[in-house]
Amino acid sequence: MTGPRFSVVIPTYNRAEHVARAVRSVRAQTFPAHEVIVVDDGSIDGTADILEAVGREGGPPVVALRQANRGAGAARNLGIGVATGDWVALLDSDDAWLPGKLENARRMIGREPGLDFIHSRCVQDFEQACGTEPDPESPLTVEQRCDPAALLTGWHIKTSSVILRRDLLDRIGGLFPTDLRTCEDFELFWRAAIAANRIGFAPEPGTVIANIPASLSRDETRVLPRLMDNVEALGRVIRWLDARAGSDRLRPILEARRYWAARVLLTRAARDRRFVEAVRWLRLQGLPPAEIARAALSAGRGVLNGENPSGL
């Protein structure tokens, strides 16, 4: 079958009970993937045996790679490094695609040859199981979801919905940062959205997002590290943007988000009795002293009002 060649990259870590479903959802696509690359990030739960069994089921070839546990960013980078398609489609191992995901992307690429960044609407697994109409993911319109300025205002991009043209990844100055355990996906997506020639959004649901209590984003012990990763990711994109022409429109959006991220971090740090440590860390990140002071004052009011942030 002619058309775009989608290399699907699936990082996994201790998701033996989910990864087979993810791979099978790729094989069930009405437009076939070029290849499926699963990177086992040092699992100890029998993931390797599951992947071997799934690999014998037929369909697009499954390339199973393994590395010592280094995080999802490093696993995705390894998969992208061996991918041979002209598009890279990302899927987390606890999520799944609906059968028309790649077909919808193929049609969009045929209609709009300049596209190099595609994402799509998602549904939660409990919504799908109950047969309920999914709630809107964000207040953005379809047009806004194709505008980098709008996408930078929030968490509007879901990792398992993203498909990137390979040459866009070659243009953005590096793949996923491997020293961030969270927010590494958004750090790359923000750079990619800014650098993209054209962004496309498929309004049809294409991805089912799993609601797993054990996921990293729900780990209560990592609230402060997650909030710190958010501040650092935003700072890195700001510095990356400063090296590019035409940053005047987008830099204020990222700066406003970084201020609010610092404010949330300080609010939680005060709750955890780590306020001074967090202030010192923000200084090391290069935030202007006036910005830190304003965030600290607002955080103090938040603590008095009973705020206790637990996530992004």
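For the structure itself, consult the block above.
Conventions we followed
- Residues numbered from 1 in each chain as written.
- Predicted model: local features only at pLDDT ≥ 70, side-chain atom pairs only at ≥ 80, totals over all residues.
- Heavy atoms only, no water.
- Salt bridge = Lys/Arg side-chain N within 4 Å of Asp/Glu carboxyl O.
- Buried < 20%, exposed > 50% of the residue type's maximum accessible area, 1.4 Å probe, protein only.
- Helix = DSSP H or I, 4+ residues; strand = E, 2+ residues; numbered from the N terminus.
- Expected span 1.5 Å × (residues − 1).
- Contact = heavy atoms within 4.5 Å.
- Core = buried A, V, L, I, M, F, W, Y, C linked by side-chain atoms within 4.5 Å.
- Pairing = 2+ DSSP bridges.
- Axes fitted to C-alpha atoms, helices over the stretch in contact; angles between N-to-C directions.
- Parallel < 35°, antiparallel > 145°, perpendicular 65-115°, else oblique.
- Left-handed = near helix turned anticlockwise from the far one by under 90°.
- Nonpolar A, V, L, I, M, F, W, Y, C, P; charged D, E, K, R; others polar.

1. Looking at the pattern of salt bridges
Tallied over the full model, the rule gives 21 salt bridges. The salt bridge involving D272 is made with R268; its shortest N-O contact spans 3.1 Å. Residue class for D272 comes out partly exposed when judged on its relative accessible area of 32%. Among the residues examined, R268 registers a relative accessible area of 7% and is labelled buried. The salt bridge partner of E277 is R274, with a shortest N-O separation of 2.8 Å. A relative accessible area of 41% places E277 in the partly exposed class. Residues joined by salt bridges that share partners form a network here, namely R76, D92 and E184.

2. Focus: helix α1 (residues 16–27)
Under the 1.5 Å per step criterion, the end-to-end length of α1 is 18 Å for 12 residues, consistent within 8% with the ideal 16 Å. With 9 of 12 residues buried, α1 is to be regarded as a mostly interior element. On its buried face, α1 sits against β1 (6–12), β2 (35–40), α2 (47–55), β3 (62–66) and β5 (96–97).

3. Focus on the nonpolar core
In this structure, F117, L164, L168, L265, L266 and L282 are the most contacted members of the largest nonpolar core, which totals 58 residues. Every element with two or more residues in this core is listed here: β4 (87–90), α6 (148–151), α7 (166–171), α8 (184–195), α9 (223–242), α10 (251–271), α11 (275–284) and α12 (289–304). Top contributing element to this core by residue count: α9, with 10 residues. Discounting chain neighbours no more than four positions away, the residues touching L168 are D116, F117, A192, A195 and A196. Within the second largest apolar cluster, 26 residues are counted, among which are I10, F31, L51 and I163.

4. A short note on the pairing of β3
Strand direction decides the pairing type here: β2 and β3, joined by 5 bridges, are parallel. Residue pairing in the sheet places V38 in a bridge with A64 of β3.

5. Side note on the packing of α10 against α12
Closest axis-to-axis distance for the α10/α12 pair is 8 Å, and the angle between their directions is 50°. It follows from the interaxial angle that α10 and α12 lie oblique. Where α10 crosses over α12, the handedness of that crossing is right-handed. Counted together, E255, R258, Y259, A262, R263, L266, T267, A270 and R271 of α10 and E291, I292, R294, A295, A296, S298, A299, G302 and V303 of α12 form the full contact between these two elements. For the contact of α10 with α12, a count of residues per class yields 9 nonpolar, 3 polar and 6 charged.

6. Some words on the packing of α9 against α10
Orientation of α9 relative to α10, taken along the N-to-C sense of each, is 160°, at an axis distance of 9 Å. What the angle tells us is that α9 and α10 run roughly antiparallel. The two elements α9 and α10 meet at a crossing, and its hand is left-handed. From α9, V223, L224, L227, M228, N230, V231, L234, G235, V237, I238, L241 and D242 reach across to α10, where they touch R251, L254, E255, R257, R258, A261, A262, V264, L265, R268 and A269.

7. Here's the deal with the sheet that holds strand β7 (residues 163–165)
Ordered in space as β3-β2-β1-β4-β7-β6-β8-β5, the 8 strands form an open sheet in which the pairing is mixed. One side of each edge strand has no neighbouring strand; the edge strands of this open sheet are β3 and β5. Where β1 meets β4, 4 bridges bridge the pair, whose relative direction is parallel. Within β4, the residue paired with S7 across the bridge is V88. Against the sheet, helix α4 (residues 101–111) makes contact with β1, β4, β5, β6 (117–124), β7 and β8 (199–209), and its axis sits at roughly 175° relative to β8, the strand it touches most.

Purely geometric stuff here, so don't read any function into it on its own.
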